[in-house]
Protein chains: 2
Amino acid sequence: MPQARLKATHGFHATMRARPGRADALIDALLAGAPTSNENCLVYLVGRSSSEPDVIDVTEGWTSKEAHAEAFASASAQALIARLAPLVTDAAQYRDVVPVGGSVRG
Amino acid sequence: MPQARLKATHGFHATMRARPGRADALIDALLAGAPTSNENCLVYLVGRSSSEPDVIDVTEGWTSKEAHAEAFASASAQALIARLAPLVTDAAQYRDVVPVGGSVRG
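Residues numbered from 1 in each chain as written. Chains lettered and ligands numbered in written order. Predicted model: local features only at pLDDT ≥ 70, side-chain atom pairs only at ≥ 80, totals over all residues. Heavy atoms only, no water.

A.B. asks: What exactly am I supposed to notice about the overall build of chain A here?
C.D. replies: Within chain A, the regular secondary structure consists of three helices and six strands. Reading the helices (α) and strands (β) of chain A from amino to carboxyl end gives β-β-α-β-β-α-α-β-β. The globule rule puts the C-alpha radius of gyration for 106 residues at 13 Å, and the 14 Å found for chain A is close to it. Projected onto its principal axes, the C-alpha coordinates of chain A cover approximately 40 × 30 × 25 Å. Looking at chain A as a whole, 48% of its 106 residues are labelled buried. Across chain A, contacts joining residues at least 24 apart in sequence account for 74% of those joining residues at least 6 apart. (Helix = DSSP H or I, 4+ residues; strand = E, 2+ residues; numbered from the N terminus. Rg over C-alpha atoms; globule rule 2.2 N^0.38 Å. Buried < 20%, exposed > 50% of the residue type's maximum accessible area, 1.4 Å probe, protein only. Contact = heavy atoms within 4.5 Å.)

Pasting the structure below:
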């Protein structure tokens, strides 16, 4: 598992709370809606708190803020946001974290 | 970039603050010390806050808590911790997040 240096200049941890009983559906929607075909998306990781299983994290890393903004404005991203809305209790909390290196062993 | 479901059952975000001027050295040490040869380590990601560049994040995902504990007790991990100690202001803050899926485009 080589740990690569990433060329991301933009990224974040978004933390959200699923409505009761909707965490699995939220995870499914997040993973299904992952911007995997966008080469500017370098990191996309969904995580779940083990102590609070309704708390879901998304970590993203992008080549640029502009690339993320463009992707975020796309029809597919807006459709994903619409699918997520009924599954979460409120808006996500964001922390800016730019991924600098690492890897995921699929 | 296929987003894979991960078989992690243990994970966390560790957030630490580098001593002034030591963030690059901290990132280098974290990436160099990544447990890349351990097949139980499914996610290892280092990130840096863009608003507070001394704040460094490490996201890890492991097949089990036991596998992580065993790796953490190893000589190489303890040597890494020794190398990190002079580079950080205090102990890392941990949030338990188990990675459930995603990928990194190296």
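A.B. asks: For this particular structure, what's the right way to read the relation of the copies chain A and chain B?
C.D. replies: For the pair of chain copies, the relating transformation is a rotation about an axis with a translation along it. Between chain A and chain B, the superposition needs a rotation of 180° and an axial shift of 0.0 Å, giving an RMSD of 0.0 Å. This pairing of chains is accounted for by a two-fold axis. Within chain A, Val 104 of chain A has its C-alpha nearest the rotation axis, a separation of 3.0 Å. (Least-squares fit on C-alpha atoms with pLDDT ≥ 70 in both.)

A.B. asks: What is the right way to look at empty space enclosed by the protein in this model?
C.D. replies: The gaps of empty space that remain are located by a probe, the size of a water molecule, rolled over the atoms. Tallying each qualifying case throughout the model produces two cavities of 30 Å³ or more. Of the pockets and cavities examined, the largest cavity occupies roughly 40 Å³. Forming the boundary of the largest cavity are His 13, Thr 59, Val 97, Val 98 and Pro 99 of chain A together with Leu 45, Val 46, Gly 47, Asp 57 and Thr 59 of chain B. Of all the elements in the fold, those that place two or more residues in the lining of the largest cavity are strand E6 (98–104) of chain A together with strand E3 (41–48) and strand E4 (55–62) of chain B. Broken down by element, the residue count for the lining of the largest cavity peaks at three residues, all from E3 of chain B. Looking at the lining of the largest cavity residue by residue, the class counts come to five nonpolar, four polar and one charged. Lining the second largest cavity are Leu 45, Val 46, Gly 47, Asp 57 and Thr 59 of chain A together with His 13, Thr 59, Val 97 and Pro 99 of chain B. Going through the elements one at a time, strand E3 (41–48) and strand E4 (55–62) of chain A are the ones with two or more residues in the lining of the second largest cavity. By residue number, the principal contributor to the lining of the second largest cavity is E3 of chain A, which donates three residues. Per-class residue counts for the lining of the second largest cavity are four nonpolar, four polar and one charged. (1 Å grid on protein atoms, 1.4 Å probe; cavity = no way out; pocket = protein on both sides within 12 Å on 5 of 7 lines; lining within 4 Å. Points joined across faces, edges and corners; volume = space filled by probe spheres on them. Nonpolar A, V, L, I, M, F, W, Y, C, P; charged D, E, K, R; others polar.)

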